[in-house]
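For reference, the chains in residue letters:
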Amino acid sequence: SLAVGILINEINKGYILDVYKERSMLYQVARLKQHYIVCYHNDYTIEVTKQLKANHIPFVVIDPRPEIHEWAKEHKYSTYLQAEPHAELSMLKAHLASAKGLITLSDSMSDNIALIASVRLFEKEHFLPRPYYIISSAHTASDIEKLKKLGADTVVSPTKITAQRISAMAARPDMDNLIEEFLYKNDN
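Residues numbered from 1 in each chain as written. Predicted model: local features only at pLDDT ≥ 70, side-chain atom pairs only at ≥ 80, totals over all residues. Heavy atoms only, no water.

Q: Which parts of the structure should I look at to understand the overall build of the protein?
A: Secondary structure summary: the protein contains nine helices and six strands in total. Taking all 188 residues of the protein together, 35% fall into the buried category. Looking at the protein alone, contacts between residues at least 24 apart form 54% of all its contacts between residues at least 6 apart. Here the protein displays about 11900 Å² of accessible surface, and carbon together with sulfur accounts for 60% of that area. Within the protein, one finds 22 positive and 23 negative side-chain charges whose respective centroids are separated by 5 Å. (Helix = DSSP H or I, 4+ residues; strand = E, 2+ residues; numbered from the N terminus. Buried < 20%, exposed > 50% of the residue type's maximum accessible area, 1.4 Å probe, protein only. Contact = heavy atoms within 4.5 Å. Areas by Shrake-Rupley, 256 points an atom, 1.4 Å probe, with all protein chains shown as cover. Lys, Arg positive; Asp, Glu negative; His and termini not counted. Charge placed at Lys NZ, Arg CZ, Asp CG, Glu CD.)

Here is the structure:
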């Protein structure tokens, strides 16, 4: 009766259900091949995952905040993890060994730096045959250079892209959405 009492107590607290949900999510992640790992949920992550879904590219979203469960339901993330993205256990849970690459979109430069360094160390420690494709974001030119020196393959600057789009629209208002028409239309 003591064992039954402990089991009922754990069920009431929700621990067993949480463990079951995490295990089923880890099984889903383990089946992924050539997927992207998207770190830190924010506005950029929402748009990136929409595009990945539209192009049928599998992905896993990792964020350390407990709100990731609600965000995953809201934005229809099929696979996600609540964990620190730069931790080795998180990389193993996200099945980094079979991933195509990693996308880090944190607002904090230190998070991006830590994640890029962790992934490059993970590659060396596990003797993986191919390097991961790492995409990051930065706001200043010096930050872009730092991230590239650390090992990011592509660094995107939202401020630079916005400035380029606005200046292109100012120069040629009739060519406003030409890029979007060619890249993001479903019938192209």
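Q: Is there a simple way to think about the pattern of salt bridges in this case?
A: Side chains bearing opposite charge may pair, as long as their charged atoms lie close to each other. Within the structure shown, the criterion is met by six salt bridges. Here E22 and K93 are joined by a salt bridge, their closest N and O atoms 2.8 Å apart. Of the two residues, E22 sits in helix α2 (residues 15–30) while K93 sits in helix α5 (residues 88–93), which places them 71 residues apart along the sequence. Where salt bridges share partners, they join R120, E123 and D153 into one cluster. (Salt bridge = Lys/Arg side-chain N within 4 Å of Asp/Glu carboxyl O.)

Q: What am I meant to see in the sheet that holds strand β2 (residues 59–63) here?
A: Paired through their backbone hydrogen bonds, the strands of a sheet run either parallel or antiparallel. A sheet is described by the order of its strands in space; here six strands give the open sequence β3-β2-β1-β4-β5-β6, paired in parallel fashion. Strand pairing shows two members of the sheet lacking a second neighbour, β3 (80–82) and β6 (154–156), which therefore form its edges. Neighbour to neighbour, the strand axes of the sheet diverge by 15° on average, direction disregarded. Seen against the sheet, helix α4 (residues 68–75) touches β2 and β3 and runs at an angle of roughly 165° to β3. (Pairing = 2+ DSSP bridges. Axes fitted to C-alpha atoms, helices over the stretch in contact; angles between N-to-C directions.)

Q: Please clarify how the pairing of strand β5 (residues 133–137) should be interpreted in this entry.
A: Both faces of the sheet carry side chains from a regular strand, because those side chains alternate between them. Burial analysis of β5 places four of its five residues in the buried class, the great majority of the element. After leaving strand β4 (residues 101–104), the chain enters helix α6 (residues 109–125) and then returns to the sheet as β5, a path that is right-handed. Pairing of β5 with β6, which is carried by three bridges, proceeds in the parallel orientation. Note that in β6 the partner of S136 across the bridge is V155. Each parallel crossover has a hand, and for β5 linked through helix α7 (residues 141–150) to β6 it is right-handed. (Right-handed = clockwise from strand over helix to strand, strands pointing away.)

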